[in-house]
Amino acid sequence: MSAVPSTPRGKTSSATPSATPATTRVAATHVLQSSPHYTTTRRHSLYGTEDRVVIDPGSRIWKVGFSGEGKPRDVFCADSVNAESLWCWSRATDPLARDEEDKVLEINIERCMRSVFHESLLTDPKSRKVILVEHPLLPLYIKDIFAKVLFGNLQVPSISFASSHLLSLLAVSRITGLVIDCGHLESTALPIFAARPMFPHLRTTPLAGARFTSHLRALLLLFGSYIPPPSSLSAVQPPLSSRSTQVPQEILTDRLIEDIKTRGCFVSTALETNREAVRSPSPPPTSEPDFPPSADAAMSESEFSRASEGIESIDSSQQASSEFSLVSHPQQPSAESGSRENYLQVLANMYMRHSSATDIQLRVVPPVSQQMGTGRGTLNIPGWVRERAAEVLFEGGDVDESSAAEVILEALLKVPVDLRKTLVSSILVTGGTAMLPGFIPRLHAELLRAIEPPATPPREPTRSRKPLPPTYDRYATLRPLLPHIAILNDPSPQPSSSSRATANAGKAPAFSPACMAWVGGSLAGALKTGGVEVSREKWDEAFSPQDDDDDMVTSPPQPEEKPRSILPDWTRTPLPVGAAPAVPAASASPQTAVGA
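In this text the structure is predicted, and so the values were computed from the model without any measurement.

Enquirer: Pulling in residues and values, what's your account of the overall build of the protein?
Expert: Helices and strands together make up the secondary structure of the protein, namely 17 helices and 15 strands. Within the span of the protein, comprising 596 residues, buried residues form 44% of the whole. As displayed, the protein has an accessible area near 32,300 Å², and 56% of this comes from carbon and sulfur atoms.

Enquirer: Give me the state of the cysteines: which residues, what numbers.
Expert: Under the definition given, this model contains zero disulfides. For the unlinked cysteine Cys77, the closest cysteine sulfur is that of Cys112, found at 8.7 Å. Overall, Cys77 belongs to the partly exposed group, its relative accessible area being 24%.

Enquirer: So, the pattern of salt bridges: which residues are in play, and what are the values?
Expert: It is possible for side chains of opposite charge to pair when their charged atoms get near one another. Inspection of every chain in the model, using the stated rule, returns 19 salt bridges. For Lys63, the salt bridge is made with Asp56, and the minimal N-O distance between the two is 3.9 Å. Of the two residues, Lys63 and Asp56, both sit in the buried class. Between Arg217 and Asp254 there is a salt bridge, with the nearest N and O atoms lying 2.7 Å from each other. Residue Arg217 is found in helix H6 (residues 209-223), and its partner Asp254 is found in helix H8 (residues 254-264); the two are separated by 37 residues along the sequence. Using a relative accessible area of 14% as the deciding quantity, one classes Arg217 as buried. A residue is classified by how much of its surface remains accessible, and Asp254, at 13% relative accessible area, is buried.

Enquirer: Report on a negative patch on the surface, specifying residues and quantitative values.
Expert: On the surface, Asp94, Asp99, Glu100 and Glu101 cluster together into a negatively charged patch. With respect to the element layout, Asp94 can be found in the loop between strand E3 (74-77) and helix H3 (95-120).

Enquirer: Provide a residue-level description of helix H10 (residues 343-353), including the pertinent values.
Expert: Along H10, nine of the 11 residues are buried, which leaves the element largely enclosed by surrounding structure. Taken together, the buried positions of H10 are occupied by Tyr343, Leu344, Gln345, Val346, Leu347, Ala348, Met350, Tyr351 and Met352.

Enquirer: I'd like a rundown of the packing of H6 against H8, residues and numbers included.
Expert: Helix-helix packing is characterised by the crossing angle of the two axes and by the distance between the axes. For the pair H6 and H8, the least separation of the axes is 10 Å and the interaxial angle reads 100 degrees. Taken together, the axes of H6 and H8 are roughly perpendicular relative to one another. Residues Gly209, Phe212, Thr213, Leu216, Arg217 and Leu220 of H6 touch H8, and the partners they reach there are Asp254, Ile257, Ile260 and Lys261. For the contact of H6 with H8, the class distribution of residues is five nonpolar, two polar and three charged.

Enquirer: Residue-level account of the confidence of the model for the protein, with values.
Expert: On average, residues of the protein carry a pLDDT of 76, and 69% of them reach 70 or more. Averaged pLDDT values for the elements of the protein fall to 38 in helix H2 (residues 19-32) and rise to 96 in strand E14 (residues 427-430). Counting contacts from residues 1-47, a segment whose pLDDT is below 50, to residues more than four positions away or on other chains yields 26 contacts. Note on residues 273-300: pLDDT under 50 across the span, and 40 contacts to partners over four residues away in sequence or across chains.

Enquirer: Let's hear about the packing of aromatic side chains: which residues, and what values?
Expert: Within the structure shown, the criterion is met by seven aromatic pairs. With 5.4 Å between their ring centres and 40 degrees between their planes, Phe394 and Phe439 make a pair best called tilted. Residue Phe394 is found in the loop between helix H11 (383-388) and helix H12 (404-414), and its partner Phe439 is found in helix H14 (residues 439-451); the two are separated by 45 residues along the sequence. Residue class for Phe439 comes out buried when judged on its relative accessible area of 1%.

Enquirer: Requested: an account of the environment of Glu186, with residues and values cited.
Expert: Positionally, Glu186 belongs in the loop between strand E6 (177-182) and strand E7 (187-193). Taking the C-alpha atoms as reference points, Glu186 and Thr433, 247 residues apart in sequence, are found 9.9 Å from one another. Setting aside its immediate chain neighbours within four residues, Glu186 contacts Trp89, His135, Leu137, Asp181, Thr204, Thr205, Pro206 and Ala208. One polar contact links Glu186 to Thr204, side chain to side chain, over a distance of 2.8 Å.

Enquirer: Any chance you could break down the sheet that holds strand E15 (residues 532-535) for me, citing the residues and the numbers?
Expert: Ordered by their spatial adjacency, six strands build an open sheet running E3-E2-E1-E4-E5-E15, and the pairing between neighbours is mixed. Each of the sheet's edge strands pairs with one partner strand only, and the pair in question is E3 and E15. With strand direction ignored, the average angle separating the axes of adjacent strands in the sheet is 20 degrees. Across five bridges, the pairing between strand E4 (residues 130-134) and strand E5 (residues 158-163) is parallel. Along E5, the bridge assignment pairs Ile131 with Ser160. Packing of H3 onto the sheet brings it into contact with strand E1 (53-57), strand E2 (61-66), E3 and E4, and relative to E2 it is tilted by some 35 degrees.

Enquirer: With reference to specific residues and values, describe the side chain of Ser187.
Expert: For Ser187, the location among the structural elements is in strand E7. Among the polar contacts listed, one links the side chain of Ser187 to the backbone oxygen of Leu207, at a separation of 3.0 Å.

Enquirer: Lay out the nonpolar core with the relevant residues and their values.
Expert: Counting 63 residues, the largest nonpolar core has Ile260, Leu379 and Phe439 as its most contacted members. The biggest single contributor to this core is H12, with seven residues. Phe76, Phe117, Trp539 and Leu567 belong to the second largest nonpolar core, which has 34 residues in total.

Enquirer: An account of unusual backbone geometry is needed here, citing residue identities and associated values.
Expert: Phi angles above zero are rare outside glycine, and Leu122 is one such case at about 55 degrees. Backbone geometry at Ala195 places phi at a positive 65 degrees, although glycine is not the residue there. The exposure class assigned to Ala195 is partly exposed, which follows from its relative accessible area of 34%.

Enquirer: Which residues make up helix H13 (residues 417-424), and what are the values?
Expert: Among all positions of H13, only Leu419, Arg420, Leu423 and Val424 are buried. Seen from one end, H13 has its buried residues packed into an arc of 120 degrees, which puts them on one side. Looking at the buried side of H13, the elements it contacts are E6, E7, H12 and E14.

Rules used throughout
- Residues numbered from 1 in each chain as written.
- Predicted model: local features only at pLDDT ≥ 70, side-chain atom pairs only at ≥ 80, totals over all residues.
- Heavy atoms only, no water.
- Helix = DSSP H or I, 4+ residues; strand = E, 2+ residues; numbered from the N terminus.
- Buried < 20%, exposed > 50% of the residue type's maximum accessible area, 1.4 Å probe, protein only.
- Areas by Shrake-Rupley, 256 points an atom, 1.4 Å probe, with all protein chains shown as cover.
- Disulfide = S-S within 2.5 Å.
- Salt bridge = Lys/Arg side-chain N within 4 Å of Asp/Glu carboxyl O.
- Patch = residues over 30% accessible without salt bridge, like charges linked within 9 Å, V, L, I, M, F, W, Y side chains within 5 Å.
- Lys, Arg positive; Asp, Glu negative; His and termini not counted.
- Charge placed at Lys NZ, Arg CZ, Asp CG, Glu CD.
- Axes fitted to C-alpha atoms, helices over the stretch in contact; angles between N-to-C directions.
- Parallel < 35°, antiparallel > 145°, perpendicular 65-115°, else oblique.
- Contact = heavy atoms within 4.5 Å.
- Nonpolar A, V, L, I, M, F, W, Y, C, P; charged D, E, K, R; others polar.
- pLDDT = per-residue confidence, 0-100.
- Phe/Tyr/Trp six-rings, centres within 6.5 Å; stacked < 30°, edge-to-face > 60°.
- Polar contact = N/O pair within 3.5 Å; in protein donor to acceptor, adjacent residues only side chain to side chain.
- Pairing = 2+ DSSP bridges.
- Core = buried A, V, L, I, M, F, W, Y, C linked by side-chain atoms within 4.5 Å.
- Arc of directions from axis to C-beta.

Shown next, in the form of structure tokens:
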């Protein structure tokens, strides 16, 4: 009798589905979750097509990956051979030459896009929506080429165009701030309020990575030295000091300059010495450039770097080594013969006296005439060049070429007064040039120095009994904002008396400044948000040829009209409602209405 209940209990326990649903749930959860990095049931981009492809195409560096991820899958140089820019802001004036440039640009963009989908991401472009991170000043013809390649060649379903400044601000969990993007071609400051970019208040300057590159190349040609490889391995070689020569221009390829920029240069604090001491005691020789008689020590650097932009780029197919070695004693540049010293040499001597950076020796590929199979040449980079080459980015006073700090202040002067305190305490610095060590702290110091009241030298009135006019103070209205200045991604924020600045300075996530726009695009794609989306059907409808085969009536051929672009462009938006009319309302015609 005692064994009778055992069988029902055994059947009941075996038929009990208590363990089965738990196992089923675990298995189902494991199938849906493609990776332990994702806690949701959304499938990963390698196994599904829900995630979008985020592309941040720069003029030199591209960053690509899938939405929902914390960093790009691949970062590559657009021109892997010569390390040159794909495009620039200047175009040819001749229509034939301009069309040829556009065709070459389309070929290069198509090559990069195919590399993105078929080599970097290994995905089918026909099943992936694309988020394209665009610069606010990207020319419309380049956007048309991007859309033409993605829609016509790769046949993507849709493209979403999103502002790089807004995405960078989204990456640090903000919707209001002033974003300055220090890229390769230009540095651009754009105020953003409540996730709405204030494009009319955008300010830009050409002092960016390209100017830094040309300035660094010019400094190396003037103040660097080069030791050629030995002519023979068996003969006794003279000492290195006697073999040192000027730097040949052909060894300073774009790839080598980029390697020196990223691995050897940094930004130091501003010199507090009297800048009048660097003024040349006599006018420079006629063979040298005519530098303006300014008290700013960096003005000569601007003129010199601008003149160096005319040098043609040298083919960099030869691979340069990146073997750095420190020199214990910095090498002094050879003294120029003559009693008069030019302005640039005085500036170099001043920087050399106040520099503690060591010189660097770099093994480089020698020129073709010196390639005898005896090794590589040696490029000596002075320490003060590594430290002060970036001074060209912070020089100001020019209307057309403002410094990075002046661009921020000019944008603040344009925004409404009640927004200035909010924006100045939420400054975000992005871009590849901002990755130079010490760039962001130096930018903060330059902002503080630019807002300070200008020094007023003693002046004597030209006429008796007539008071002197007041000194022009450009940033006087911004001086009350001095304690509220804060940079969100400042690595070493300074203590401030403002609670707003203390709460914001240095509080941004530690994303790389060069990848912030891509991270914001990844976040926007994961949240199903983004910029204006253009579908492939809309593109095909706008640019498909019309079929006139059914028309039996022959008409004379009409000149082909280029269809109007359907891509978003903030420069073509109508004026806001309420803007002042150009003519009085009584005499205004219907065609002159606002927004027409």
